[in-house]
Protein chains: 2
Amino acid sequence: MALIGVLGGMGPLATVDFMHRVIRLTRARCDQDHLPMLVANLTRMPDRSRAITDGDTDPLPALLDGIDLLNRSGVDLIAIPCNTAHHWYAPLRARSAAPILHIVDTAVAALPAGVRRVAVLATGGTLASGLYQSALRARGIEPVMPGATAQRDIAACIAAVKAGRVDAAGRQLSRALATLVRRDVDVAVMGCTEIPIAAHALGDAPLALVDTTHELARATVAYAAERGWARAV
Amino acid sequence: MALIGVLGGMGPLATVDFMHRVIRLTRARCDQDHLPMLVANLTRMPDRSRAITDGDTDPLPALLDGIDLLNRSGVDLIAIPCNTAHHWYAPLRARSAAPILHIVDTAVAALPAGVRRVAVLATGGTLASGLYQSALRARGIEPVMPGATAQRDIAACIAAVKAGRVDAAGRQLSRALATLVRRDVDVAVMGCTEIPIAAHALGDAPLALVDTTHELARATVAYAAERGWARAV
């Protein structure tokens, strides 16, 4: 029986959002049509962003423990609904018997053709890692980093979702987008899985948004559908 | 590190709903304040209700496999957000090193004092198992079973949620409640974890509802809070 492994809890609402999207993207008439998932919602993982920006506790050992846990239970594929954790993608992939989808690849692949300038909404750690900058430049797209004020709003938005204050997060995201829309960007990538949760509270956004949680879920269901484990909607 | 095991996938939206409520019921300022969970979203589990009512494939071996998987990964407590699966509670509990909360106990404990007649909204399998009837009678409460027409609406409501048709499920639940409200019941127990998802789509209900997903989540967080694993809101 195929089993999708999810290394989650970073944060927990983003993990639930990811699972919800996998379910919604699967064509199902009954429970048994849905994809089996083993979800390690490992909330006690050391903060990924602060490890990169401030040299705080390295989360790699705990991330590897999570990968081991999933592999011991025989998962066939792993998805990690946390962008910042992909700073450690190479060692996680090297450790895992099961393939691991790369959230940045799925997000960049979802950008419409012809976009020139893409804003990156992400944690300070993801920005410092350069994950999006290199993936965008490899496609000839110019990454646009938020200014200091917008970045403070984005960081506050992410923290608010992790603390369950989703309405406040929506307002902080709204402020950041109002600044970015003046910088001649075609699209903003929500390069942190907390941000789409804030975007749900936002209503209409002033610019096109790429949702990394959705793209990772879509890639997960597509991978499963190609192997006959489930059908995509 | 404490780890909450969830034997889920029955169905998957109910599992996501349960996780969401555990998160919302936990007092948290950051990821690390949230409860770690290992969620076995085992959607391919044979249909529990049809096993009871029609003698279809016995799900007990697969349920035991799920319990074993969670115990092998060292969970400290197990919650099963599926009422019908509790027909097999005794053998699951006998197999598990980790204690298992009983959803029917948590639901019946949540009934307000003084209620006399309680309607049971559940799968045909849960009704046939007598789980709620015996738990209610043990508290001196008269269980009220839906009539054949209302039960057809409830079964259709549950099936619609499992197929992702939540709005249709809300309409079917609404019809069932309109019938039950004429039968002098004080409260209806939503004794199937798909039904609260339909109830979200319903708006105001014509009678008081006890939500078994919510009560199981509350019991999970309370158990964790008593042991210092997390704080309840």
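Residues numbered from 1 in each chain as written. Chains lettered and ligands numbered in written order. Predicted model: local features only at pLDDT ≥ 70, side-chain atom pairs only at ≥ 80, totals over all residues. Heavy atoms only, no water.

(A) The arrangement of empty space enclosed by the protein in detail. Tallied over the full model, the rule gives 1 cavity of 30 Å³ or more. Space inside the largest cavity adds up to approximately 40 Å³. Lining the largest cavity are Ile23(A), Asp31(A), His34(A), Gly11(B), Pro12(B), Leu13(B), Val161(B), Lys162(B), Gly164(B) and Glu194(B). (1 Å grid on protein atoms, 1.4 Å probe; cavity = no way out; pocket = protein on both sides within 12 Å on 5 of 7 lines; lining within 4 Å. Points joined across faces, edges and corners; volume = space filled by probe spheres on them.)

(B) Molecular detail of the relation of the copies chain B and chain A. Its rotation angle being 180 degrees, the transformation that places chain B on chain A also includes 0.0 Å of axial translation and leaves an RMSD of 0.0 Å. What the superposition gives is, in effect, a two-fold axis relating one chain to the other. Across chain B, the smallest distance between a C-alpha and the rotation axis is recorded for Val39(B), namely 2.4 Å. Interface overlap between copies: 100% of the residues of chain B at the interface are likewise at the interface in chain A, consistent with a symmetric, same-surface contact. (Least-squares fit on C-alpha atoms with pLDDT ≥ 70 in both. Contact = heavy atoms within 4.5 Å.)

(C) Spatial organisation of the interface of chain B and chain A. Contacts between the two partners involve 43 residues from chain B, matched on the other side by 43 residues from chain A. Roughly 3300 Å² is buried in total at the junction of chain B and chain A, and carbon and sulfur atoms are behind 55% of that figure. On the chain B side of the interface with chain A, the three residues burying the most area are Asp31(B), Gln32(B) and Arg44(B), jointly 22% of the side's total. One can count 4 salt bridges joining chain B with chain A. The tally of links from chain B across to chain A stands at 21 residue pairs in polar contact (both at pLDDT 80 or more). Of all the elements in the fold, those that place two or more residues in the side of chain B that touches chain A are helix H1 (12-24), strand S2 (37-41) and helix H8 (148-162) of chain B. The dominant element in the side of chain B that touches chain A, judged by the number of residues it contributes, is H1(B), at 8 residues. In the side of chain B that touches chain A, the residues fall into 25 nonpolar, 10 polar and 8 charged. (Buried area = accessible area lost by both parts, 1.4 Å probe. Salt bridge = Lys/Arg side-chain N within 4 Å of Asp/Glu carboxyl O. Polar contact = N/O pair within 3.5 Å; in protein donor to acceptor, adjacent residues only side chain to side chain. Helix = DSSP H or I, 4+ residues; strand = E, 2+ residues; numbered from the N terminus. Nonpolar A, V, L, I, M, F, W, Y, C, P; charged D, E, K, R; others polar.)

(D) Local environment of the confidence of the model for chain A. Per-chain confidence: chain A averages 97 in pLDDT, with 100% of residues scoring 70 or above. Scored as a whole, the predicted complex attains pTM 0.97, and scored at its interfaces, ipTM 0.97. (pLDDT = per-residue confidence, 0-100.)

(E) Broad picture of the sheet that holds strand S8 (residues 208-211) of chain A. All names here are of chain A. Spatially, S6-S5-S7-S8 is the arrangement adopted by the 4 strands of the open sheet, whose pairing is parallel. Looking at which strands have only one partner, the edges of the open sheet turn out to be strand S6 (142-144) and S8. Between one strand axis and the next, the sheet turns through 30 degrees on average, direction left out of account. (Pairing = 2+ DSSP bridges. Axes fitted to C-alpha atoms, helices over the stretch in contact; angles between N-to-C directions.)

(F) The arrangement of the sheet that holds strand S1 (residues 4-8) of chain A in detail. As summarised here, the arrangement of the 6 strands in space is S4(A)-S1(A)-S3(A)-S2(B)-S1(B)-S3(B), forming an open sheet in which the pairing is mixed. Each of the sheet's edge strands pairs with one partner strand only, and the pair in question is strand S4 (77-79) of chain A together with strand S3 (77-79) of chain B. Within the sheet, the average angular offset between the axes of one strand and its neighbour, ignoring direction, is 20 degrees. Across 5 bridges, strand S3 (residues 37-41) of chain A lies against S2(B) in antiparallel orientation.

(G) Geometry of the pattern of salt bridges. For the structure shown, the criterion picks out 32 salt bridges over all chains. The closest approach of N and O atoms between Arg50(A) and Asp56(A), which form a salt bridge, is 3.2 Å. Between Asp211(B) and Arg21(B) there is a salt bridge, with its nearest N and O atoms 3.0 Å apart. Remark: Arg21(B) occurs in helix H1 and Asp211(B) occurs in strand S7 (residues 208-211); sequence separation between them is 190 residues. Owing to a relative accessible area of 13%, Asp211(B) belongs among the buried residues under this scheme. Residues joined by salt bridges that share partners form a network here, namely Arg116(A), Arg117(A), Glu142(A), Asp184(A) and Asp186(A). (Buried < 20%, exposed > 50% of the residue type's maximum accessible area, 1.4 Å probe, protein only.)

(H) How the structure looks around unusual backbone geometry. Residues and elements named next belong to chain A. The omega torsion of the bond from methionine 10 to glycine 11 falls at -5 degrees, within 30 degrees of zero and hence cis. Along the polypeptide, glycine 11 turns up in the loop between S1 and helix H1 (12-24). Even without being glycine, aspartate 184 reaches a positive phi, approximately 55 degrees. Within the secondary structure, aspartate 184 is located in the loop between helix H9 (166-180) and strand S7 (187-190).

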